[in-house]
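# Remarks on the overall topology
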Amino acid sequence: MKYRTYRNTDLTVSEVGFGLWTVSTGWWGNFTRPEATALMRRAFDLGITLFDAADTYGNGLSEELIAEALGAQRDRIVIATKIGYDFVRHGSERRGQREIPQDFSPEAIRRATDAALARLRTDRIDLLQLHNIRMQQVHDDSVWETLTALQEAGKIRYFGVALGPVGRSTKGCIRFNAEIRPASSISTIYWSSTQATRSKKPLPKPVATPCS
């Protein structure tokens, strides 16, 4: 296994991570808790140290699985999780991978972070990511001030953003505003097998889109 360190951080992670949506959402088949935790422990044994969850995956299940499977290895893994979707009030409305309403208000960010810490049974989140934000959140000072306050309080070590298909147009704007919005990471969906079947040509270099 190869490892690398996030730029401007002390987070060293395996280049291959374990995405918890695969075992906690039912989108790629159903896993029992023992099956899911066994897979995670096997991944750790093989050198994987980055485990990426989201509070909305399984309505909290993905974070609970990390605590169950790897609680004893807490200081040897990097926990990344995501917040933003209001699954507490709208989780029952989810149909497959369709989105549910989001809430990035300061109160919701603080509440979601505390809830994630409780499910993870830990005192800090290594990387807290805003889940599929839009330009409204990029421009909202209160979002970033809240994240900075959580970092200063020791509840999160670093913060970043995670962008799925709905957030791809936001990626370049966050890069453009990098000095203003000091995100430690930008995560996007990428499946190497899917990319290989789509085209044999090299992937184009990312292009920053204009920001308004």
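Overview of the structure. (Residues numbered from 1 in each chain as written. Predicted model: local features only at pLDDT ≥ 70, side-chain atom pairs only at ≥ 80, totals over all residues. Heavy atoms only, no water.)

## Some thoughts on unusual backbone geometry
- Of note in this structure, Asn8 is not a glycine but carries a positive phi near 65°.
- By the secondary structure assignment, Asn8 is in the loop between β1 (3–5) and β2 (12–14).
- You will see that Asn59, though not glycine, has its phi angle at about 50°, which is positive.
- Inspection of the secondary structure puts Asn59 in the loop between β4 (50–52) and α3 (61–70).
- With relative accessibility at 36%, the residue Asn59 sits in the partly exposed group. (Helix = DSSP H or I, 4+ residues; strand = E, 2+ residues; numbered from the N terminus. Buried < 20%, exposed > 50% of the residue type's maximum accessible area, 1.4 Å probe, protein only.)

## Examining the packing of aromatic side chains
- Enumeration according to the criterion identifies seven aromatic pairs in this entry.
- Site record: aromatic cluster; members linked through ring pairs are Trp21, Trp27, Trp28 and Tyr57. (Phe/Tyr/Trp six-rings, centres within 6.5 Å; stacked < 30°, edge-to-face > 60°.)

## Describing helix α2 (residues 33–45)
- Between its first and last C-alpha atoms α2 spans 18 Å; for 13 residues at 1.5 Å apiece the expected length is 18 Å, and the two agree.
- When α2 is considered as a whole, its buried residues turn out to be Ala36, Thr37, Met40, Ala43 and Phe44. Each buried residue of α2 sits inside an arc of 120° when the element is viewed along its axis, so together they form one side. Across α2 from its buried face, at more than 90 degrees, point the exposed residues Pro34, Arg42 and Asp45.
- Elements that come into contact with the buried residues of α2 comprise β3 (18–19), α1 (21–24), β4 and α3.
- Count one or two residues on from α2 and you reach Gly47, which has phi positive near 110°. (Expected span 1.5 Å × (residues − 1). Arc of directions from axis to C-beta. Contact = heavy atoms within 4.5 Å.)

By themselves these figures say nothing about function.
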